[in-house]
Amino acid sequence: GQQVMQIPQYQHVQEGEDFTTYCNSSTTLSNIQWYKQRPGGHPVFLIQLVKSGEVKKQKRLTFQFGEAKKNSSLHITATQTTDVGTYFCAGPSNTGKLIFGQGTTLQVKP
Amino acid sequence: DSGVTQTPKHLITATGQRVTLRCSPRSGDLSVYWYQQSLDQGLQFLIQYYNGEERAKGNILERFSAQQFPDLHSELNLSSLELGDSALYFCASSVGGSGFYNEQFFGPGTRLTVL
């Protein structure tokens, strides 16, 4: 069936280093959403990308949607300890459901 | 605070039992979604209701059922519980009925432990 895969599963970085997580879909997506879940918390919506090749920025976070609309990435510049958490991408299935990737858990060493 | 409330926060029960999880969506949101999050399965979509009607169904077990009431709150019923049902159950809500185009607001979750 339709899958949304994320890599890496875990990433440890030193504070100030950059971080990137990649999301790949087995099918073309109409849109993709990104969520962040802090340890012990609930997922929080970050952004939605809709257009092919779209790039959106939120302060130190840069989100990209691939030209073929089958992949996406989230890049964090100069990580801070507040960036710790699990980042999920999510895309629609062909039956209208939102399929979440397995998530990338980011640890930041101060 | 997302505006979505879930009760109870924690639930500990025994195998074979039945429990009910409750969710109140954000004011004005018509859709309610239920997700199961476990360590090995990630965030799994269970079911969506929109304005009282079932809108989409995920990999929800037959032992599980849900409904949305006229005041838009929702309940997830889990019966004949097994050890493997232990997980964090999230409710989310959105304004519209499209689960993949609308931003979803998640509640704090209910942690279910089956002993």
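Note: the structure precedes this text.
Quick notes on the rules
Residues numbered from 1 in each chain as written. Chains lettered and ligands numbered in written order. Predicted model: local features only at pLDDT ≥ 70, side-chain atom pairs only at ≥ 80, totals over all residues. Heavy atoms only, no water. Helix = DSSP H or I, 4+ residues; strand = E, 2+ residues; numbered from the N terminus. Areas by Shrake-Rupley, 256 points an atom, 1.4 Å probe, with all protein chains shown as cover. Lys, Arg positive; Asp, Glu negative; His and termini not counted. Charge placed at Lys NZ, Arg CZ, Asp CG, Glu CD. Buried < 20%, exposed > 50% of the residue type's maximum accessible area, 1.4 Å probe, protein only. Contact = heavy atoms within 4.5 Å. Buried area = accessible area lost by both parts, 1.4 Å probe. Salt bridge = Lys/Arg side-chain N within 4 Å of Asp/Glu carboxyl O. Polar contact = N/O pair within 3.5 Å; in protein donor to acceptor, adjacent residues only side chain to side chain. Disulfide = S-S within 2.5 Å. Pairing = 2+ DSSP bridges. Axes fitted to C-alpha atoms, helices over the stretch in contact; angles between N-to-C directions. Core = buried A, V, L, I, M, F, W, Y, C linked by side-chain atoms within 4.5 Å.

Looking now at the overall build of chain A. The number of helices and strands found in chain A is 0 helices and 11 strands. Scanning chain A from its N terminus toward the C terminus, one meets helices and strands in the order β-β-β-β-β-β-β-β-β-β-β. On the principal axes, the C-alpha backbone points of chain A span a range of 40 × 25 × 20 Å. Counting only carbon and sulfur atoms, one obtains 50% of the accessible surface of chain A, whose full area is about 5,300 Å². Of note, chain A has its 11 positive side-chain charges centred 9 Å away from the centre of its 6 negative side-chain charges.

Another point: the environment of B:Leu11. Residues and elements named next belong to chain B. Here Leu11 lies in strand 2 (residues 10–13). A residue is classified by how much of its surface remains accessible, and Leu11, at 19% relative accessible area, is buried. In this structure the C-alpha to C-alpha distance between Leu11 and Arg22, which are 11 residues apart in sequence, comes to 12 Å. Not counting chain neighbours up to four residues away, the residues in contact with Leu11 comprise Val19, Leu21, Thr110, Arg111, Leu112 and Thr113.

At the junction of the two partners, chain B supplies 21 residues and chain A supplies 17 residues. With both chains or domains summed, chain B and chain A bury close to 1,600 Å², and 57% of this area falls on carbon and sulfur atoms. When the buried area of chain B at its contact with chain A is split by residue, B:Leu43, B:Phe100 and B:Tyr101 rank highest and sum to 38% of it. The tally of links from chain B across to chain A stands at 0 salt bridges. Our count for the contact surface shared by chain B and chain A stands at 4 residue pairs in polar contact (both at pLDDT 80 or more).

What follows concerns the pattern of salt bridges. Following the criterion strictly, the structure yields 6 salt bridges over all chains and no others. Residue A:Asp83 pairs with A:Arg60 through a salt bridge whose shortest N-O separation is 2.9 Å. With A:Asp83 in the loop between strand 8 (71–76) and strand 9 (85–92) and A:Arg60 in the loop between strand 6 (55–58) and strand 7 (61–65), this pair connects stretches of sequence that are 23 residues apart. One salt bridge in this structure joins B:Arg63 and B:Asp85, with 2.8 Å as the shortest N-O distance. Of this pair, B:Arg63 sits in the loop between strand 6 (53–57) and strand 7 (64–68) while B:Asp85 sits in the loop between strand 8 (74–78) and strand 9 (87–94), and the two are 22 residues apart along the sequence. Its relative accessible area of 4% is what places B:Asp85 among the buried residues. Several salt bridges share partner residues, and in doing so they unite B:Arg63, B:Glu82 and B:Asp85 into one network.

Attention now moves to the state of the cysteines. Residues and elements named next belong to chain A. The final tally for this structure, using the stated rule, is 2 disulfides over all chains. The partner cysteine of Cys23 in its disulfide is Cys89, sulfur to sulfur 2.0 Å. Disulfide Cys23-Cys89: torsion about the S-S bond near 75°, hence right-handed. Here Cys89 lies in strand 9 and Cys23 lies in strand 3 (residues 19–25), a separation of 66 residues in the sequence.

The subject of this paragraph is the sheet that holds strand 8 of chain B. All names here are of chain B. Read across the open sheet, the 4 strands follow the order 1-3-8-7; overall the sheet is antiparallel. Only two strands of the sheet have a single partner each, and these edge strands are strand 1 (5–7) and strand 7. Here the average twist between neighbouring strands, direction ignored, is 15°. One ladder, built from 3 bridges, connects strand 1 with strand 3 (residues 19–24); its direction is antiparallel. Considered in strand 3, the bridge of Thr7 is made with Arg22.

Here we take up the nonpolar core. Burial of nonpolar side chains together is a common tendency in soluble globular proteins. Within the largest apolar cluster, 22 residues are counted, with the highest numbers of intra-cluster contacts made by B:Val19, B:Leu21, B:Trp34, B:Leu76, B:Leu78, B:Tyr89 and B:Leu112. Counting only elements with at least two residues in this core, the list comes to strand 3, strand 4 (31–38), strand 5 (42–50), strand 7, strand 8, strand 9 and strand 11 (110–114) of chain B. Formed by 20 residues, the second largest nonpolar core is a distinct cluster that contains A:Leu29, A:Trp34, A:Phe63 and A:Tyr87.

Turning our eyes to something else, we now look at the environment of B:Glu103. You can see B:Glu103 is positioned in the loop between strand 9 and strand 10 (105–106). By relative accessible area, which is 31% here, B:Glu103 ends up partly exposed. When the C-alpha atoms of B:Glu103 and B:Ser93 are compared, they prove to be 8.4 Å apart, with 10 residues separating the residues in sequence. Beyond its immediate chain neighbours, meaning those up to four positions away, B:Glu103 contacts A:Gln33, A:Tyr35, A:Phe45, B:Ser93 and B:Ser94.

What is shown is where atoms sit, not what they do.
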